[in-house]
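# Analysis of the macromolecular model
One-letter residues, chain by chain:
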Amino acid sequence: METPTPSTSASSTDPATPVSSSNFALFNLPNSNPGASTDDSHSAYTNLLKSALFGPECVGGGNGFQPLTPEKSSSGGRFGTRNSDGSNLLISPPNCNIFKYKTETRKSLHSLSPFGYDDPLPGVSHSPVKAPRKIPRSPYKVLDAPALQDDFYLNLVDWSPNNVLAVGLGTCVYLWHASSSKVVKLCDLGFDDSVCSVGWAQHGTNLAVGTSNGKVQLWDAARCKRVKTLEGHRLRVGSLAWSSSLLSSGSRDKTILQRDLRTPDDYVSKLTGHKSEVCGLKWSYDNRELASGGNDNK
């Protein structure tokens with residue numbers, strides 16, 4: 001009966017030994033040279049582990065694992081090393097480069113094409129498909145508007161933020177409440193005057209009314225009461241535009257008056273430049289610029 005040598009006992013039972021036969025079994029490797037030295041086995045196992053986890057580029061030359069070309073690989077393995085007798089040892093790790101990732105291409109949710117933006121196809125549009133807008137052929141409601149002036153230079157209809165429609169008919173202004181279909185007569189200018197324009201304030205219930213006598217009347221529609229009358233124009237006022245507390249009025253006298261309702265003055269500035277009647281006014285969405293249209297082509 002023979003007693004095992006200390007080296008043999010250490011390599012098979014010592015828990016501090018870094019390499020054992022189970023390490024090769026972990027990657028389905030045949031332990032073809034059980035008599036190899038401990039250093040060689042530890043180096044082979046370390047290189048194999050690095051190659052499996054981080055890819056072959058992380059493993060150096062020498063005794064490390066190098067990627068095999070298709071010509072040199074006869075059994076389809078990806079990585080290889082050499083045994084101590086010079087023969088090639090082919091391995092196929094079950095999962096290579098497990099810490100690597102690929103950036104996904106972000107696609108639009110509205111895209112109908114299965115391809116990304118990096119590989120567009122000719123004739124294929126990536127813009128979202130909009131459903132065709134259906135416009136009814138007939139109005140859902142018709143309002144009687146007798147005495148509505150047949151003059152496209154006038155602005156006789158305006159809709160308020162409170163869903164109230166103001167209409168100028170002859171010498172009167174009527175309010176139609178869309179929520180209840182209720183009609184209210186706001187004012188009557190009299191037989192010697194007529195309504196040429198109406199304009200709701202951006203907030204509140206104030207309504208500006210431009211007249212044929214060159215005046216602008218400010219009405220509180222909630223109370224049906226006139227608040228103020230502003231002068232300054234010599235001829236009819238056919239266009240109005242609000243910008244917060246600033247009211248712009250355009251007239252047939254070719255001028256635009258800027259009126260600040262916080263001051264007692266009729267207007268704070270006058271804009272000239274049109275050669276004929278000012279027919280349209282509109283402030284930009286940020287209330288910084290004013291667009292005006294005039295009948296200057298005559």
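Residues numbered from 1 in each chain as written. Predicted model: local features only at pLDDT ≥ 70, side-chain atom pairs only at ≥ 80, totals over all residues. Heavy atoms only, no water.

Summarising the element assignment, D253 is placed in the loop between β13 (246-251) and β14 (255-260). For D253, which is buried and forms no salt bridge, the nearest opposite charge comes from R234, at a distance of 4.7 Å. Engagement of the side chain of D253 in a polar contact is seen with the backbone nitrogen of R234, the distance being 3.1 Å. Among the polar contacts listed, one links the side chain of D253 to the side chain of S251, at a separation of 3.1 Å. With residues up to four places along the chain from it excluded, the contact list for D253 reads H233, R234 and L235. (Helix = DSSP H or I, 4+ residues; strand = E, 2+ residues; numbered from the N terminus. Buried < 20%, exposed > 50% of the residue type's maximum accessible area, 1.4 Å probe, protein only. Lys, Arg positive; Asp, Glu negative; His and termini not counted. Salt bridge = Lys/Arg side-chain N within 4 Å of Asp/Glu carboxyl O. Polar contact = N/O pair within 3.5 Å; in protein donor to acceptor, adjacent residues only side chain to side chain. Contact = heavy atoms within 4.5 Å.)

One pass over the full model with this rule turns up seven salt bridges. The residue D188 makes a salt bridge to K185 at a minimum N-O spacing of 3.7 Å. For D188, a relative accessible area of 44% corresponds to the partly exposed category. Classification of K185 by relative accessible area gives partly exposed; the value is 44%. Note that D260 and R262 form a salt bridge whose closest N and O atoms lie 3.0 Å from each other. Taking relative accessible area as the criterion, R262 reaches 66% and is therefore assigned exposed. Three or more residues joined by partner-sharing salt bridges are found here, namely D151, R236, R252 and E277.

The subject of this paragraph is the sheet that holds strand β6 (residues 172-177). Pairing is antiparallel in the open sheet, where four strands are placed in the order β4-β5-β6-β7. Of all strands in the sheet, those bounded by a partner on one side alone are β4 (157-159) and β7 (182-188). With strand direction ignored, the average angle separating the axes of adjacent strands in the sheet is 20°. Examined bridge by bridge, strand β5 (residues 164-169) and β6 share six bridges and lie antiparallel to one another. Looking at the pairing, G168 lines up with V173 of β6. (Pairing = 2+ DSSP bridges. Axes fitted to C-alpha atoms, helices over the stretch in contact; angles between N-to-C directions.)

Turning next to the environment of V216. Here V216 lies in strand β10 (residues 216-220). A relative accessible area of 1% places V216 in the buried class. Residues V216 and D266 lie 50 residues apart in sequence; the distance between their C-alpha atoms is 9.5 Å. Excluding its chain neighbours within four sequence positions, the residues that come into contact with V216 are A208, V209, K228, T229, L230, V237, L240, L247, S249 and R259.

Overall, antiparallel pairing links the four strands, which are arranged β8-β9-β10-β11 in an open sheet. One side of each edge strand has no neighbouring strand; the edge strands of this open sheet are β8 (195-200) and β11 (225-230). Direction aside, neighbouring strands of the sheet carry axes that sit 25° apart on average. Across five bridges, strand β9 (residues 206-211) lies against β10 in antiparallel orientation. Looking at β10, one finds that N206 is bridged to D220.

The next thing to look at is the nonpolar core. By size, the foremost hydrophobic cluster in this structure holds 18 residues, and its most contacted members are V173, L175 and L207. Listed by contribution, the elements that provide at least two residues to this core are β5, β6, β7, β8 and β9. By size, the runner-up hydrophobic cluster in this structure holds nine residues, among which are A201, L218, W242 and L247. (Core = buried A, V, L, I, M, F, W, Y, C linked by side-chain atoms within 4.5 Å.)

Before going further, it helps to examine the packing of aromatic side chains. With the rule as written, the count across this model stands at two aromatic pairs. Arranged with centres 4.6 Å apart and planes meeting at 45°, the rings of F152 and Y153 form a pair that is tilted. When its relative accessible area of 73% is taken as the criterion, F152 is described as exposed. Here the aromatic rings of W159 and W176 are separated by 6.2 Å at their centres, their planes lie at 80°, and the arrangement is edge-to-face. Note that W159 is positioned in strand β4 and W176 in strand β6, a separation of 17 residues in sequence. Residue W159 is classed as partly exposed on the basis of its relative accessible area, which comes to 45%. Looking at W176, the relative accessible area reads 7%, which means it is buried. (Phe/Tyr/Trp six-rings, centres within 6.5 Å; stacked < 30°, edge-to-face > 60°.)

Caution applies to low-pLDDT parts of the model: their predicted coordinates are not meant to be read in detail. Here the chain shows a mean pLDDT of 76. Residues at 70 or above account for 62%. Summarising per-element confidence for the chain, the mean pLDDT is lowest in helix α1 (residues 6-13) (43) and highest in β8 (97). Segment residues 62-80 is flagged for pLDDT under 50; beyond a separation of four residues in sequence, or across chains, it makes 43 contacts in the model. Scored below 50 in pLDDT, residues 113-118 shows 14 contacts in the model against residues more than four places distant or in partner chains. (pLDDT = per-residue confidence, 0-100.)

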